[in-house]
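# Breakdown of the fold
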Amino acid sequence: MIQYFKPDENQALYNFTNSLQELLTKHNSDNREIVLVCIGSDRATGDCLGPIVGQKLSIHQKRPNKKSFHLYGTLEKPVHAKNLETTVAFIKSFHPDALVIAIDASLGVMDHVGCITLGEGALCPGIGVDKNLPSVGDIFITGIVNLSGFGGQMLLQTTHLNLVMQLADFISVGIYRCLRQSQLRPALQRAE
């Protein structure tokens with residue numbers, strides 16, 4: 001089941017965070033490593049959602065004693081169509097039992113532009129622009145940045161950066177809150 005969240009609605013971030021936390025609890029009861037794969041290119045406005053989310057989350061990853069996840073895909077080192085296959089193979093080799101969360105931009109219908117989606121299963125990157133790329137993830141998060149249809153690649157080039165930044169802020173804050181809660185939970189249980 002795919003859930004849709006409109007960032008400008010009241011309680012949207014709270015609901016997104018709770019839904020993501022439920023999926024993390026469901027899929028990670030045995031405390032597997034968490035791997036975030038933020039997919040996209042920094043060369044097209046509509047496709048840079050993943051790398052921007054990765055960049056925002058990398059700040060939290062660098063804090064001492066706060067590394068609760070592995071991160072692939074930032075503005076500096078994006079995971080895109082040309083290196084996705086090798087990145088997925090690397091993750092399978094070095095994090096074989098990890099819970100993988102895939103984040104990417106997507107195209108959709110008019111009513112869903114500006115929404116965040118959250119769901120279980122693998123993400124199929126590039127499908128909106130007719131690319132055949134490997135699927136990735138146990139959980140997926142997308143930000144719908146523009147309309148789907150003819151000329152998908154051109155639509156990604158003409159997407160408003162402001163919308164991408166709003167979606168990236170929402171997603172990165174939601175993920176950070178969930179990972180922080182997951183990190184605090186064992187400490188709270190030990191304290192009881």
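Residues numbered from 1 in each chain as written. Predicted model: local features only at pLDDT ≥ 70, side-chain atom pairs only at ≥ 80, totals over all residues. Heavy atoms only, no water.

## Quick look at the overall build of the protein
Counting its regular elements, the protein contains 5 helices and 6 strands. When the elements of the protein are put in sequence order from the N terminus, they spell out β-α-β-α-β-α-β-β-β-α-α. Every one of the 192 residues in the protein was classed for burial, and the buried ones make up 47%. Of the contacts formed within the protein by residues at least 6 apart in sequence, a portion of 72% connects residues at least 24 apart. Carbon and sulfur atoms form 52% of the exposed surface of the protein, whose accessible area is close to 10,500 Å². (Helix = DSSP H or I, 4+ residues; strand = E, 2+ residues; numbered from the N terminus. Buried < 20%, exposed > 50% of the residue type's maximum accessible area, 1.4 Å probe, protein only. Contact = heavy atoms within 4.5 Å. Areas by Shrake-Rupley, 256 points an atom, 1.4 Å probe, with all protein chains shown as cover.)

## Structural notes on the environment of Ala-105
Along the chain, Ala-105 falls in strand β4 (residues 99–108). Once the C-alpha coordinates of Ala-105 and Leu-167 are considered, the two residues, 62 residues apart in sequence, prove to be 9.3 Å apart. Apart from the residues within four sequence positions on either side, Ala-105 is in contact with Gly-46, Asp-47, Leu-49, Gly-143 and Val-145.

## Concerning the nonpolar core
Residues Leu-20, Leu-24, Leu-36, Val-53, Ile-103, Ile-141 and Ile-175 are the most contacted members of the largest nonpolar core, which totals 35 residues. At the level of elements, α1 (12–27), β2 (34–38), α2 (49–61), β4, β5 (116–120), β6 (139–147) and α5 (161–191) are the ones that each hand at least two residues to this core. A total of 9 residues in this core trace back to one element, the largest contributor, which is α5. The residues contacting Ile-175, other than those within four sequence positions of it, are Phe-16, Leu-20, Leu-36, Val-53, Leu-57, Ile-103 and Ile-141. By size, the runner-up hydrophobic cluster in this structure holds 14 residues, among which are Leu-84, Val-88, Val-100 and Ala-102. (Core = buried A, V, L, I, M, F, W, Y, C linked by side-chain atoms within 4.5 Å.)

## Regarding helix α3 (residues 84–94)
Residues Leu-84, Thr-87, Val-88 and Ile-91 constitute the buried set of α3. Buried residues along α3 cover an arc of 100 degrees about the axis, so they all sit on one side. Of the residues in α3, the exposed ones pointing more than 90 degrees away from the buried face are Glu-85, Thr-86, Ser-93 and Phe-94. Packing partners of the buried residues in α3 comprise β2, β3 (70–72) and β4. (Arc of directions from axis to C-beta.)

## So, the confidence of the model for the protein
Looking at the protein as a whole, its pLDDT mean stands at 86, while 86% of the residues score no less than 70. Across residues 184–192, confidence stays below pLDDT 50; counting only partners more than four residues off in sequence or on other chains, it has 1 contact. (pLDDT = per-residue confidence, 0-100.)

## Some points on α1
In this model, α1 (16 residues) spans 22 Å end to end at C-alpha, consistent with the 22 Å of a helix rising 1.5 Å per residue. Taken together, the buried positions of α1 are occupied by Ala-12, Phe-16, Thr-17, Ser-19, Leu-20, Gln-21, Leu-23 and Leu-24. (Expected span 1.5 Å × (residues − 1).)

## A closer look at the side chain of Thr-142
Structurally, Thr-142 can be placed in strand β6. A distance of 3.5 Å separates a polar atom in the side chain of Thr-142 from a polar atom in the side chain of Ser-106. Here Thr-117 takes part through its side chain, which lies 2.3 Å from a polar atom of the side chain of Thr-142. (Polar contact = N/O pair within 3.5 Å; in protein donor to acceptor, adjacent residues only side chain to side chain.)

## Overview of the sheet that holds strand β1 (residues 3–5)
Strand order in this open sheet of 6 strands is β1-β5-β6-β4-β2-β3, and the pairing throughout is mixed. Two strands lie at the open edges of the sheet, namely β1 and β3, each paired on one side alone. Direction aside, the axes of adjacent strands within the sheet are offset by 20 degrees on average. In this sheet, β4 lies alongside β2 in parallel orientation, the contact comprising 5 bridges. Within β4, the residue paired with Cys-38 across the bridge is Ile-103. With respect to the sheet, α1 is in contact with β1, β2, β4, β5 and β6, its orientation differing from that of β5 by roughly 15 degrees. (Pairing = 2+ DSSP bridges. Axes fitted to C-alpha atoms, helices over the stretch in contact; angles between N-to-C directions.)

## Some points on the environment of Asn-132
By the element assignment, Asn-132 lies in the loop between β5 and β6. We classify Asn-132 as exposed; its relative accessible area is 80%. As for Asn-132 and Ala-81, which are separated by 51 residues in sequence, their C-alpha atoms are 9.0 Å apart.

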